[in-house]
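# Residue-level structure breakdown
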Amino acid sequence: MRSLKDISWNISEEDYRKDPALSYSTLARFNREGFNNLNKLFDKIETPSLTFGSAVDSIITGGMEEFNERFIVADFPEIPDSIVKIVKRLFNSLKDKYTSLVKIPNDDIIYITQEESYQLNWKPETRAKIIKEKGSEYYDLLYIAGDKTILDTQTYLDVVNSVDALKTNTATKYYFAADNPYTNVRRYYQLKFKSVFDDINYRCMMDLVVVDYDNKTITPVDLKTSSHAEWEFYKSFKEWNYQIQARLYWRILKDNLEKDEYFKDFKLLDYIFIVVNRKTLTPLVWKFPLTSEYGTLKFGKNSQIEMRDPFDLGKELSSYLKYNPRVPKGINIVKSNNIEEWLNTL
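As a starting point, this report considers the structure included with it.

Cut-off values and rules
Residues numbered from 1 in each chain as written. Predicted model: local features only at pLDDT ≥ 70, side-chain atom pairs only at ≥ 80, totals over all residues. Heavy atoms only, no water. Phe/Tyr/Trp six-rings, centres within 6.5 Å; stacked < 30°, edge-to-face > 60°. Helix = DSSP H or I, 4+ residues; strand = E, 2+ residues; numbered from the N terminus. Buried < 20%, exposed > 50% of the residue type's maximum accessible area, 1.4 Å probe, protein only. Lys NZ or Arg CZ within 6 Å of the ring centre and 35° of its normal. Pairing = 2+ DSSP bridges. Contact = heavy atoms within 4.5 Å. Core = buried A, V, L, I, M, F, W, Y, C linked by side-chain atoms within 4.5 Å. Patch = residues over 30% accessible without salt bridge, like charges linked within 9 Å, V, L, I, M, F, W, Y side chains within 5 Å. Areas by Shrake-Rupley, 256 points an atom, 1.4 Å probe, with all protein chains shown as cover. Salt bridge = Lys/Arg side-chain N within 4 Å of Asp/Glu carboxyl O.

The tally for this structure, following the rule as stated, stands at 33 aromatic pairs. Consider the rings of Y139 and Y143, whose centres lie 5.9 Å apart with planes at 75 degrees: the pair is edge-to-face. Remark: Y143 and Y139 occur in helix α6 (residues 124-145); sequence separation between them is four residues, near one turn of the helix. Accessibility expressed as a relative area gives 0% for Y139, which makes it buried. On the accessibility criterion, Y143 (35% relative accessible area) is partly exposed. Judged by centre distance (5.3 Å) and plane angle (75 degrees), the ring pair of Y174 and Y175 falls under edge-to-face. In this structure Y174 comes out as partly exposed when scored by relative accessible area, which is 42%. Here the aromatic cluster, defined as three or more aromatic residues joined through ring pairs, consists of Y24, F233, Y234, F237, Y242, Y249, Y271, F273, W286 and F288. Looking at R203, its charged tip hangs above the ring of Y16, at a distance of 4.4 Å from the centre.

Set out below in structure tokens:
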């Protein structure tokens with residue numbers, strides 16, 4: 001049996017993130033935010049939901065050793081996410097100058113609160129006072145954490161419970177089980193692949209790929225932690241346009257398989273999404289049966305939900321990044337534009 005890792009793109013996650021090739025996250029953000037936010041397309045996004053998902057992923061794919069390398073668990077008073085974000089910004093810019101939050105001048109704090117649109121109906125001095133009162137302990141913890149991400153105790157418990165549910169639930173435990181040396185099924189976590197289509201570079205990092213060597217099948221799997229209940233995953237699928245991920249990653253993996261003499265005869269199956277909600281803890285498996293389809297997909301009772309092909313998004317975005325036009329494609333800066341035509345695109 002040849003390891004699937006042998007044909008993967010063997011680089012560190014840090015180098016992977018730096019690579020300019022287009023990925024699902026880039027295409028999906030472009031699809032959501034469009035031309036107006038091209039300058040923010042590659043900005044790092046941090047949210048509590050993403051942090052929670054990363055913590056679950058780290059234990060599932062790399063075990064507690066990887067989790068402990070990336071996260072630190074601390075018991076501290078619960079503070080709003082909006083204050084956490086402000087304190088992090090203050091720490092990153094002023095940690096070498098001020099060893100505690102209370103020492104930071106109010107003007108510096110007020111400036112960040114304005115940029116983050118935090119409680120703008122309050123007096124500026126009141127905003128600064130609240131940030132100092134509620135965020136001081138978290139500011140101190142950031143020194144201890146270093147490069148690690150801080151998790152509060154309750155979040156950590158939710159992470160552990162989610163991992164346990166994934167590994168014990170009847171529907172999902174097969175995917176995350178340890179490889180049995182007496183069978184020819186192997187599980188590969190966090191493999192990276194890269195391909196070129198129409199002179200455009202694409203990349204992917206797959207949560208899990210299950211290879212059945214006896215039946216010559218390969219199942220791509222993505223793990224999602226969702227705010228929706230697991231039985232409502234289709235809503236998240238639409239909201240975050242996960243079809244881009246499924247179809248793009250499938251094509252990249254297929255391209256790499258076809259170039260290899262050993263794996264070219266394996267059948268690449270439809271994408272599987274495994275979803276867990278930290279509160280309901282009822283992990284479910286969802287298959288996307290249109291994984292290998294090309295073109296715009298239409299869903300809904302009246303086909304009103306349209307989902308663009310990853311390659312169509314890639315071509316449009318690549319053109320914008322290459323030529324840096326002043327206006328979006330289709331807008332005429334010399335002659336008049338037809339309002340009716342554009343209204344019919346809504």
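There's more to say after this.
Note that S49 resides in helix α3 (residues 48-70). Its relative accessible area of 53% is what places S49 among the exposed residues.

This part is about the pairing of strand β4 (residues 200-212). Of all 13 residues in β4, 12 are buried; the element is thus mostly enclosed. Of the pairings in the sheet, the one linking strand β3 (residues 185-197) to β4 comprises 12 bridges and is antiparallel in character. Bridge pairing links F193 to C204 in β4. The hairpin turn running from β3 into β4, its antiparallel successor, is two residues long, and D198 in that turn takes a positive phi close to 55 degrees. As defined by bridge partners, β4 adjoins strand β5 (residues 217-225) across five bridges and the pair is classed as antiparallel. Residue pairing for β5: D212 is matched across the bridge by T217. Between β4 and the antiparallel strand that follows it, β5, lie four residues; K216 among them carries a positive phi value of about 55 degrees.

Residues spaced three or four apart along an α-helix face the same direction, because each turn holds 3.6 residues. Residues of helix α2 (residues 24-33) that are buried include every one of Y24, T26, L27, A28, R29 and F30, and no others. Considering only its buried residues, α2 is in contact with β4, α10 (242-258) and α11 (310-323). The first or second residue beyond α2 is G34, which carries a positive phi of 70 degrees.

Counting residues in hydrophobic clusters, the biggest one holds 46 residues, and the most contacted among them are L4, F193, Y202 and I218. Listing elements by their share of this core, those giving two or more residues are α2, β3, β4, α9 (233-239), α10, β7 (271-276) and α11. Apart from the residues lying within four places of it in its own chain, the contact partners of L4 are Y188, L191, F193, V209, V211, Y213, L257 and F263. Grouped together as the second largest cluster of nonpolar side chains are 26 residues, A74, I79, L94 and I150 included.

Time to look at a nonpolar patch on the surface. On the surface, a nonpolar cluster with roughly 400 Å² of combined accessible area is contributed by I331, I333, V334 and W342. Tracing the sequence through the fold places W342 in helix α12 (residues 339-343). A relative accessible area of 36% means that W342 is categorised as partly exposed.

This brings us to the environment of T170. Here T170 is to be found in the loop between α7 (153-168) and α8 (173-176). Overall, the relative accessible area of 69% leaves T170 in the exposed class. Taking C-alpha positions, T170 is 9.3 Å from L284, a pair spaced 114 residues apart along the chain.

The next point concerns the pattern of salt bridges. Applying the stated rule across the entire model yields 25 salt bridges. Residue R70 is joined to E66 by a salt bridge in which the shortest nitrogen-to-oxygen separation is 3.6 Å. Pair noted here: R70 and E66 are both in helix α3, with a separation of four residues, about one helical turn. Given the relative accessible area of 31%, R70 is considered partly exposed. K235 is the partner of E232 in a salt bridge, and the nearest nitrogen-oxygen pair spans 3.1 Å. The class for K235 is partly exposed, based on a relative accessible area of 36%.

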